[in-house]
Amino acid sequence: MGSEINKEAFLELQGRLVETTTKLKQVQMQVRNKEVEKKRAFLTLEELNSLSENTNTYKSVGKAFFLMPMATLAKEQKTKTDECDAALATLQGSKEYLERQMKEVESSFRELLQQSPALARQVMAMSVS
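Keep in mind that this is a model prediction, so the values were computed, not measured.

Trainee: Can you explain the overall build of the protein chain? Please cite residues and give values.
Mentor: Helix and strand content of the protein chain: 3 helices and 2 strands. When the elements of the protein chain are put in sequence order from the N terminus, they spell out α-β-β-α-α. Considered along the principal axes of its C-alpha atoms, the protein chain spans approximately 80 × 25 × 20 Å. With 129 residues in all, the protein chain has 21% of them scored as buried. In the protein chain, the share of contacts with a sequence separation of at least 24, taken over all contacts with a separation of at least 6, comes to 67%. For the protein chain, the accessible surface area stands at approximately 9500 Å², while carbon and sulfur atoms represent 56% of it. Positive and negative charge centroids in the protein chain, built from 19 and 18 side chains respectively, lie 3 Å apart.

In C-alpha cells:
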C-alpha cells in the first residue's frame, strides 16, 4: 500500500518536474528573444542619432519602404526598447518563480527517496538499465 502511494507521488513529482522544466526553457527562450529585440532597437536608435537632421529615413513595411521623419523612427525605437525592458522585467520574475518551483520539486524528490529506500532502489534500477 505504502509502496503504491510512493510510486504515485514519484510519478506526480516527475510530471511536475517535466512541466516546470519545459516552462522554464520557454521563459529563457523568451528572455533571449526580447534581449535580441531590445539590442536591435537600441542599435538602430544609435544609428539614427548619428545621422544629421535633414537625412531622409525610411521605414520598412513588408517589402516596401516609406519615407518617415527621423524623429518618428527614433521615437518608435525608443518605445520598442522601453517595451522590451518591461517585458524582460516580467519574464525575469517568471523565471525566478519557476526556478523556485524547480527547487521545491527537487527537494520533494530527495525527501521522497530518503523516506522510501525501496523506491530509491527501483528508481536507480530503472536509470541503470
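Still more to cover.
Trainee: Explain the pattern of salt bridges to me, using residue names and the numbers behind them.
Mentor: Here the structure, examined in full by the defined rule, presents 5 salt bridges. Notably, a salt bridge pairs D85 with K38, separated by 2.6 Å at the nearest N-O pair. Here D85, found in helix α2 (residues 70-115), pairs with K38, found in helix α1 (residues 2-50); they are 47 residues apart in sequence, far enough to count as distant. Here K38 falls in the partly exposed class, since its relative accessible area comes to 28%. Taking the shortest distance from any N to any O, the salt bridge between K59 and E76 comes out at 3.1 Å. With K59 in strand β1 (residues 57-61) and E76 in helix α2, this residue pair connects regions lying 17 residues apart in the sequence. Residue classification places E76 among the partly exposed residues on the basis of a relative accessible area of 28%.

Trainee: Explain the confidence of the model for the protein chain residue by residue, including any values.
Mentor: In this model, the protein chain carries an average pLDDT of 89, and 94% of its residues clear a pLDDT of 70 or more. Here helix α3 (residues 117-128) stands out as the element of the protein chain with the lowest mean pLDDT, 69, in contrast to strand β2 (residues 64-68), whose mean of 95 is the highest.

Trainee: Account for the nonpolar core, naming residues and giving values.
Mentor: Counting 7 residues, the largest nonpolar core is built from L24, V27, V31, L88, L91, L98 and M102. If you list the elements that add at least two residues to this core, you get α1 and α2. A per-element tally of this core places α2 first, with 4 residues. Discounting residues that sit within four places of it in the chain, L24 has contacts with K95, L98, E99 and M102. The next biggest cluster of nonpolar side chains, apart from the first, holds 6 residues, and it includes F10, F109, L112 and L119.

Thresholds applied
Residues numbered from 1 in each chain as written. Predicted model: local features only at pLDDT ≥ 70, side-chain atom pairs only at ≥ 80, totals over all residues. Heavy atoms only, no water. Helix = DSSP H or I, 4+ residues; strand = E, 2+ residues; numbered from the N terminus. Buried < 20%, exposed > 50% of the residue type's maximum accessible area, 1.4 Å probe, protein only. Contact = heavy atoms within 4.5 Å. Areas by Shrake-Rupley, 256 points an atom, 1.4 Å probe, with all protein chains shown as cover. Lys, Arg positive; Asp, Glu negative; His and termini not counted. Charge placed at Lys NZ, Arg CZ, Asp CG, Glu CD. Salt bridge = Lys/Arg side-chain N within 4 Å of Asp/Glu carboxyl O. pLDDT = per-residue confidence, 0-100. Core = buried A, V, L, I, M, F, W, Y, C linked by side-chain atoms within 4.5 Å.

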